[in-house]
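Coordinate analysis (summary)
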Amino acid sequence: MGRVQPISWYVEDNHLEFHLLDVGEGLMTLIIFPDNKVMLFDCNVTDENKEEILTYLDKVLPEKYSAEKGEFEKPIDIFANSHRDEDHYRGLKKVNDKFPIKSIWDSGQSGATTISTSYQYYMRLRRTLKEKDPKNLFVPTPSNISMGSFGGVNIYCLAAEGDFIKGYINE
């Protein structure tokens, strides 16, 4: 399939899918948890890779029924943004138009590309989701304590050396 190179790991009956998408510069990782919760970590959809990335997402994202819309959709439950540089949120509008983003986890880190239309869209989406429900915007505090669990998979936000417990994370 060209540049999109998924890596997935799964166990029968209870699987975690981890897809690393080759988007050139920047980062884009799709995680589908055992309970079908979907997290997109960063986004870099360009004019060059748009069709390939959107087709791939359409193929792998689980379909869910939206009671609000009265139809099936393929939502992204969480968009996690590592920091606000354009190659980490570029093309988010294209993704959100086709796969509705339900919430944002934002690192709180500012970036260098804050005057682009991509940045303006990202910040507007953050505000819109937060206005809909304040829980739709989450800025995690780095800690060695799990932020939560999806389908039995614990999520951590580790940022500093002190967050890594000796013996727990590679020493």
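The structure this text deals with has already been given above.
Residues numbered from 1 in each chain as written. Predicted model: local features only at pLDDT ≥ 70, side-chain atom pairs only at ≥ 80, totals over all residues. Heavy atoms only, no water.

**Focus on the side chain of Lys 74**
Within the fold, Lys 74 resides in the loop between strand 6 (71-73) and strand 7 (78-81). Within polar-contact distance, the side chain of Lys 74 engages the backbone oxygen of Asp 58 at 2.5 Å. Other than its neighbours up to four places away in sequence, Lys 74 contacts Asp 58, Leu 61, Pro 62, Glu 63, Phe 99 and Pro 100. (Helix = DSSP H or I, 4+ residues; strand = E, 2+ residues; numbered from the N terminus. Polar contact = N/O pair within 3.5 Å; in protein donor to acceptor, adjacent residues only side chain to side chain. Contact = heavy atoms within 4.5 Å.)

**Quick notes on helix 1 (residues 50-60)**
Those residues of helix 1 that fall on the buried side of the exposure criterion are Ile 53, Leu 54, Tyr 56, Leu 57 and Val 60. Looking straight down helix 1, one finds that the buried residues subtend no more than 160 degrees of arc, so they occupy a single side. In this structure, helix 1 carries Glu 51 and Lys 59 as exposed residues pointing more than 90 degrees from its buried face. Those residues of helix 1 that are buried lie in contact with strand 1 (17-20), strand 2 (29-32) and helix 2 (92-98). (Buried < 20%, exposed > 50% of the residue type's maximum accessible area, 1.4 Å probe, protein only. Arc of directions from axis to C-beta.)

**Some remarks on the packing of aromatic side chains**
Scanning the model with the defined rule gives seven aromatic pairs in all. Ring centres 6.1 Å apart and planes at 55 degrees place the aromatic pair Tyr 89 and Tyr 119 in the tilted group. Linking Tyr 89 in strand 8 (residues 89-90) with Tyr 119 in helix 3 (residues 117-132), this pair joins segments that are 30 residues apart in sequence. In terms of burial, Tyr 89 and Tyr 119 fall into one category: buried. Among the aromatic residues, those joined into a ring-pair cluster are Phe 33, Trp 105, Phe 138 and Phe 150. (Phe/Tyr/Trp six-rings, centres within 6.5 Å; stacked < 30°, edge-to-face > 60°.)

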